[in-house]
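Survey of secondary and tertiary structure
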Amino acid sequence: MKVKLGDVYVSVTVLNKILDTELPVTVSYKMMKLVNKLNEELKTIEYQRIKLVKKYSTEEQGTVTEDNKNK
């Protein structure tokens, strides 16, 4: 099964909320391993996202213009 990076970015917060609930030990252990692996990928995704925002944002407003969003 292939998972897109956008799916990882969106799903980590939901998975963390699931971990806060009371689960059986085996399920909790497997979920924690999955979330730890996804958090490693999330660090890379977030680093690249910030790099792109800095590249395409305007300095005077600090926001990304509509033209640059498409890029």
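Residues numbered from 1 in each chain as written. Predicted model: local features only at pLDDT ≥ 70, side-chain atom pairs only at ≥ 80, totals over all residues. Heavy atoms only, no water.

Taken as a whole and judged by the stated rule, the model has one salt bridge. Its salt-bridge partner being Glu-46, residue Arg-49 comes within 2.6 Å of it at the nearest N-O pair. Taken as a pair, Arg-49 and Glu-46 lie in helix α2 (residues 25-56) at a separation of three residues, close to a single helical turn. Accessibility expressed as a relative area gives 38% for Arg-49, which makes it partly exposed. Judged by relative accessible area, Glu-46 falls into the partly exposed class, the value being 24%. (Salt bridge = Lys/Arg side-chain N within 4 Å of Asp/Glu carboxyl O. Helix = DSSP H or I, 4+ residues; strand = E, 2+ residues; numbered from the N terminus. Buried < 20%, exposed > 50% of the residue type's maximum accessible area, 1.4 Å probe, protein only.)

This next bit is on the nonpolar core. The biggest cluster of nonpolar side chains holds nine residues, and these are Val-8, Val-12, Leu-15, Leu-19, Met-31, Val-35, Leu-38, Leu-42 and Ile-45. Listed by contribution, the elements that provide at least two residues to this core are α1 (5-20) and α2. Ranked by residues supplied to this core, first place goes to α2 with five residues. Apart from the residues within four sequence positions on either side, Ile-45 is in contact with Leu-5, Val-8 and Tyr-9. (Core = buried A, V, L, I, M, F, W, Y, C linked by side-chain atoms within 4.5 Å. Contact = heavy atoms within 4.5 Å.)

For the protein, per-residue confidence averages 81 on the pLDDT scale, and 80% of positions sit at 70 or higher. When mean pLDDT is compared element by element in the protein, α2 scores highest at 87, while helix α3 (residues 66-70) scores lowest at 63. (pLDDT = per-residue confidence, 0-100.)

Let us look at the packing of α1 against α2. Two elements in contact, α1 and α2, have axes whose closest approach is 9 Å; the angle formed by their N-to-C orientations is 140°. Considered as vectors, α1 and α2 are oriented oblique to each other. In terms of crossing hand, the pair formed by α1 and α2 is left-handed. Contacts between α1 and α2 involve Leu-5, Val-8, Tyr-9, Val-12, Leu-15, Asn-16, Ile-18 and Leu-19 from the former and Ser-28, Met-31, Met-32, Leu-34, Val-35, Leu-38, Asn-39, Glu-41, Leu-42, Ile-45, Glu-46 and Arg-49 from the latter. (Axes fitted to C-alpha atoms, helices over the stretch in contact; angles between N-to-C directions. Parallel < 35°, antiparallel > 145°, perpendicular 65-115°, else oblique. Left-handed = near helix turned anticlockwise from the far one by under 90°.)

Attention now goes to α2. With 32 residues, α2 extends 45 Å between its outermost C-alpha atoms, agreeing within 8% with the 46 Å of an ideal straight helix rising 1.5 Å per residue. Among the residues of α2, Met-31, Val-35, Leu-38, Leu-42, Ile-45 and Tyr-56 are the ones counted as buried. (Expected span 1.5 Å × (residues − 1).)

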